[in-house]
Amino acid sequence: QYKKYYKMEPTSYFIHEHISRCYRELKEYDKAEEEILYGLKYRPFNPSNCYEAALVYFAMGREKEAMEYLQRAVEIWQDADPGYEKANEAKALLARYG
């Protein structure tokens, strides 16, 4: 469905985060990396993209790259609302690995 959406809305770069997440959950990490890097190409400081990239790289065992993206996401989300779940997940992950 995401790929169909992207064909209809080719400038909706946020969709690559969602496609990447699907591939990551399917353990198709190369495809997940390809999708998130495409999304990051157009939205490099989107914290959700950065967080997804971190999760992909952690899943691939590439901790250095994962930490770079995780730190970027947390930095961008530093003033997020306290109840924003995704920001809190990223901060908890950074506390665990950082």
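Residues numbered from 1 in each chain as written. Predicted model: local features only at pLDDT ≥ 70, side-chain atom pairs only at ≥ 80, totals over all residues. Heavy atoms only, no water.

1. So, helix H3 (residues 29-42)
Point 1. Between the first and last C-alpha of H3 there are 20 Å, a value that for 14 residues agrees with the 20 Å anticipated at 1.5 Å per step.
Point 2. Burial in H3 covers these residues: Ala32, Glu33, Glu35, Ile36, Gly39 and Leu40. The buried side chains of H3 occupy one side of the element, clustering within an arc of 165 degrees when seen end-on. Exposed side of H3, more than 90 degrees from the buried face: Asp30, Glu34 and Lys41 are the residues found there.
Point 3. Buried residues along H3 sit against helix H2 (15-25), helix H4 (47-59) and helix H5 (63-76). (Helix = DSSP H or I, 4+ residues; strand = E, 2+ residues; numbered from the N terminus. Expected span 1.5 Å × (residues − 1). Buried < 20%, exposed > 50% of the residue type's maximum accessible area, 1.4 Å probe, protein only. Arc of directions from axis to C-beta. Contact = heavy atoms within 4.5 Å.)

2. A few points about the nonpolar core
Point 1. If you look at the biggest cluster of nonpolar residues, it comprises 20 residues, and the most contacted ones within it are Tyr51, Tyr69 and Leu70.
Point 2. Those elements that place two or more of their residues in this core are H3, H4, H5 and helix H6 (85-97).
Point 3. The element that contributes the greatest number of residues to this core is H4, accounting for 7 residues.
Point 4. The contact partners of Leu70, leaving out residues within four places of it in the chain, are Cys50, Tyr51, Ala54, Phe58, Ala90, Leu93 and Leu94.
Point 5. The next biggest cluster of nonpolar side chains, apart from the first, holds 7 residues, and it includes Tyr13, Ile15, Ile19 and Val56. (Core = buried A, V, L, I, M, F, W, Y, C linked by side-chain atoms within 4.5 Å.)

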